[in-house]
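A look at the structure
Here is how the chains run, residue by residue.
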Amino acid sequence: GKRVPPESLPQWLDLGRKQPHLQPAIASILGHRGRWLAAQNPDWGYAVPLDVSTEEACTALWQTGTAAERSQVLHYWRDRRPERARQLVEQTWLQDKAPDRAIFLATFAQGLSDADEPLLETALDDKSKQVRAAAAQLLAGLSGSQLVDRTIARLQPCVRVESNTLAIAPPCRLAEDAIRDGLNPQPPSGIGEKAWWVLQLTSIVPPSWW
């Protein structure tokens, strides 16, 4: 029942463009002025209300709409029938551009389940780094996924308990299959290389394993 201050609208609309999983929440706080502003910029099209209430309307938008409009279709279905959204993405996966595929995958954060894993595993081999990163992030959120199991297998030899103290010895290198699973070998500034590897590994392993 609230809306954000008008002067902050461009900031919010840009945030939704950069982080597609936030789009439904952002669209709900823009108000009339925000929706009008979104209509003036194709990059903010995700916030322009569309008729996605019927199967026919969704099908038409998916076939002919912009990436932002098609993303709205996926958000609609992920909230109601996640398998329907997944089917739409699979139907046009090979024809869609890499940036669009990454945006579409981001909508899977809604209603994410084990049923999404086969498509996400396939996306780990995509030519686009952006698509691979989106798939890896989602698979890391599935505690029983193959990616999580592979990460546990990588981390387990590095962990030991000595005198009631947990010790982690960083791996000597990151194998190619670890990089395929979304681990970035190059650390950001302010953290050492091997500490960065351990940080990524432990962030994927679910608390229940510890």
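Up top is the structure.
A brief report on the enclosed structure follows.

Let us now look at the overall build of the protein chain. In terms of helices and strands, the protein chain carries 12 helices and 2 strands. For the protein chain, the N- to C-terminal ordering of α and β elements is α-α-α-α-α-α-α-α-α-α-β-β-α-α. Over its C-alpha atoms, taken along the principal directions, the protein chain stretches across nearly 60 × 40 × 30 Å. The burial tally for the protein chain puts 41% of its 210 residues in the buried class. If you take every contact in the protein chain between residues at least 6 apart in sequence, the share linking residues at least 24 apart comes to 53%. For the protein chain, the exposed surface amounts to about 11,800 Å²; the carbon and sulfur share of it is 53%. Measuring between centres, the 23 positive side-chain charges of the protein chain sit 5 Å from its 24 negative side-chain charges.

With that settled, the discussion passes to the nonpolar core. Counting residues in hydrophobic clusters, the biggest one holds 40 residues, and the most contacted among them are Val 73, Leu 74, Trp 77, Val 89, Leu 105, Phe 108 and Leu 120. Those elements giving two or more residues to this core turn out to be α4 (55-64), α5 (67-80), α6 (82-92), α7 (98-106), α8 (117-123), α9 (129-140), α10 (146-155) and α12 (193-204). Here this core gets 6 residues from one element, more than from any other, and that element is α9. Apart from the residues lying within four places of it in its own chain, the contact partners of Phe 108 are Arg 78, Arg 86, Val 89, Asp 116, Leu 119, Leu 120 and Leu 138. Listed in part, the 10 residues of the second largest apolar core include Leu 9, Leu 13, Trp 44 and Ala 47.

Glancing now at the environment of Asn 41. Mapped onto the secondary structure, Asn 41 falls in the loop between α3 (31-38) and α4. The class for Asn 41 is partly exposed, based on a relative accessible area of 22%. At 2.9 Å, the side chain of Asn 41 and the backbone nitrogen of Asp 43 are in polar contact.

A pair of packed helices is characterised by two quantities: the angle between their axes and the separation of those axes. Direction vectors running N to C along α5 and α6 enclose 145°, while the axes themselves pass 5 Å from each other. Here α5 contributes Arg 70, Val 73, Leu 74, Trp 77, Arg 78 and Arg 80 to the contact with α6, which in turn contributes Pro 82, Arg 84, Ala 85, Arg 86, Leu 88, Val 89 and Thr 92. Each residue belonging to the contact of α5 with α6 can be placed in one class, and the counts come to 7 nonpolar, 1 polar and 5 charged.

This part takes up the state of the cysteines. Within this structure, the stated rule accounts for 0 disulfides. Take Cys 158: it sits in no disulfide, and the sulfur closest to it among the cysteines is that of Cys 172, at 8.5 Å. By relative accessible area, which is 69% here, Cys 172 ends up exposed.

Cut-off values and rules
- Residues numbered from 1 in each chain as written.
- Predicted model: local features only at pLDDT ≥ 70, side-chain atom pairs only at ≥ 80, totals over all residues.
- Heavy atoms only, no water.
- Helix = DSSP H or I, 4+ residues; strand = E, 2+ residues; numbered from the N terminus.
- Buried < 20%, exposed > 50% of the residue type's maximum accessible area, 1.4 Å probe, protein only.
- Contact = heavy atoms within 4.5 Å.
- Areas by Shrake-Rupley, 256 points an atom, 1.4 Å probe, with all protein chains shown as cover.
- Lys, Arg positive; Asp, Glu negative; His and termini not counted.
- Charge placed at Lys NZ, Arg CZ, Asp CG, Glu CD.
- Core = buried A, V, L, I, M, F, W, Y, C linked by side-chain atoms within 4.5 Å.
- Polar contact = N/O pair within 3.5 Å; in protein donor to acceptor, adjacent residues only side chain to side chain.
- Axes fitted to C-alpha atoms, helices over the stretch in contact; angles between N-to-C directions.
- Nonpolar A, V, L, I, M, F, W, Y, C, P; charged D, E, K, R; others polar.
- Disulfide = S-S within 2.5 Å.

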